[in-house]
Amino acid sequence: MSNARVLDCDGTIVEKVEGTLLERLMRDFYKEQGLKRKMDFLLRYAIIKSYKSLSSSLGKIFGDDQITGETTSLELFDVLMLRRVEMPFSFVEKRAKEYSKLIKPHHIDAIRQCKDDIYIVSAEPVQLLEAIVREAGISKNIKKIYGTKFKIEDGVIQGFERINLFAGIRGKHLAMAEILSKGYSKVYAIGDSTADMGLFHAYEEVTPFTFHDSPGELKKYVLSRGGKVVMDLKEFFTHYNL
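Residues numbered from 1 in each chain as written. Predicted model: local features only at pLDDT ≥ 70, side-chain atom pairs only at ≥ 80, totals over all residues. Heavy atoms only, no water.

The interhelical angle for the contact between helix H4 (residues 89-99) and helix H6 (residues 126-135), taken along N-to-C directions, is 45°, at an axis separation of 8 Å. On the basis of the axis angle, H4 is oblique to H6. Of the two elements, H4 crosses H6, and the hand of that crossing is right-handed. Contact residues: Phe89, Val92, Glu93, Ala96, Lys97 and Tyr99 in H4; Gln127, Leu128, Ala131, Ile132, Arg134 and Glu135 in H6. Split by residue class, the contact of H4 with H6 holds seven nonpolar, one polar and four charged. (Axes fitted to C-alpha atoms, helices over the stretch in contact; angles between N-to-C directions. Helix = DSSP H or I, 4+ residues; strand = E, 2+ residues; numbered from the N terminus. Parallel < 35°, antiparallel > 145°, perpendicular 65-115°, else oblique. Left-handed = near helix turned anticlockwise from the far one by under 90°. Contact = heavy atoms within 4.5 Å. Nonpolar A, V, L, I, M, F, W, Y, C, P; charged D, E, K, R; others polar.)

Of the two faces of strand S1 (residues 4-7), the one carrying Ala4 and Val6 and the one carrying Arg5 and Leu7 are both buried. Here S1 pairs with strand S2 (residues 117-125) via four bridges, running parallel. Across the sheet, residue alanine 4 finds its bridge partner in S2, namely aspartate 117. (Buried < 20%, exposed > 50% of the residue type's maximum accessible area, 1.4 Å probe, protein only. Pairing = 2+ DSSP bridges.)

At a minimum axis separation of 11 Å, helix H1 (residues 21-31) and H4 run at an interaxial angle of 115°. H1 and H4 meet at a crossing whose hand is right-handed. Contacts between H1 and H4 pair Leu21, Arg24, Leu25, Asp28 and Phe29 from the former with Phe91, Val92, Arg95, Glu98 and Tyr99 from the latter. Within the contact of H1 with H4, the residues separate by chemical class into six nonpolar, no polar and four charged.

A word on the confidence of the model for the protein chain. Of the residues in the protein chain, 83% reach a pLDDT of 70 or more, and the chain-wide mean stands at 83. Mean pLDDT values over the elements of the protein chain span from 60, in helix H2 (residues 35-62), up to 96, in H6. When the criterion is pLDDT under 50, residues 57-68 qualifies, and its contacts beyond four places in sequence or with other chains add up to 13 contacts. (pLDDT = per-residue confidence, 0-100.)

All buried positions along H4 are accounted for by Phe89, Phe91, Val92, Arg95, Ala96 and Tyr99. Projected down its long axis, H4 carries its buried residues within an arc of 145°, all on one side. Residues of H4 that are buried make contact with H1, H6, strand S4 (150-153) and strand S5 (156-160). (Arc of directions from axis to C-beta.)

Let's shift gears to the pattern of salt bridges. With the rule as written, the count across this model stands at seven salt bridges. Between glutamate 153 and lysine 151 there is a salt bridge, with its nearest N and O atoms 3.8 Å apart. On the accessibility criterion, lysine 151 (39% relative accessible area) is partly exposed. In the salt-bridge network here, residues are joined through shared partners; they are Arg24, Arg95 and Glu98. (Salt bridge = Lys/Arg side-chain N within 4 Å of Asp/Glu carboxyl O.)

Structurally, aspartate 154 can be placed in the loop between S4 and S5. Separated by 66 residues in sequence, aspartate 154 and proline 88 have C-alpha atoms that sit 8.9 Å apart.

Once that is clear, we can look at the nonpolar core. Here is a general trend for soluble globular proteins: nonpolar side chains tend to be buried in one another's company. Grouped together as the largest cluster of nonpolar side chains are 54 residues, with contacts concentrated most on Leu21, Met26, Met87, Phe150, Phe236 and Phe237. Val6, Tyr119, Val121 and Tyr146 belong to the second largest nonpolar core, which has 20 residues in total. (Core = buried A, V, L, I, M, F, W, Y, C linked by side-chain atoms within 4.5 Å.)

Dropping the structure here:
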């Protein structure tokens, strides 16, 4: 049986930027709106950012790496923004070309040269990531993307499909369980944040990886599991049979 490579998105496939791709998409959309809607965005965005900051603090205070705030942040984005702004999906497709430039050229080359099945597991919207990897010319190299899905009607984003929000450690567990059920010989997973522990936490058959600039607790966990701390994705793709 072949091997599988499982990758997070933000800070892993795409370069680290302020916030998430979803947050950037919302900011870019509101930039094209009038002053009143811009002020409305700032208020709603401030609420979401405050919640994320609080969740991060709670996790550190109680030493609980299960508290990431990703799921509730997505729910807030859904209720406070996506259901209200009536964003055309064509705007997502328009921005995807720009966002695809956040994938470094040597990472694109590494993905194209990889012989293993590649999966992306992220809290980002699936349709946004699909558009980005398509613009980057690597969609045929990605076996499947797991994430939260936009609900789209008549070409307009109505919010998220709420049955499964693929966020936080729980969301990544759901995706990994499905990937592991395929019976791969080896599964290698890489992420850059505490939430990405869901890619390998509780799965002994998964070899974990992270980056040199990842949080200390994540690097410590990866090394304790016999994994590897690497410089970038190109190095990640060169490791076999650890």
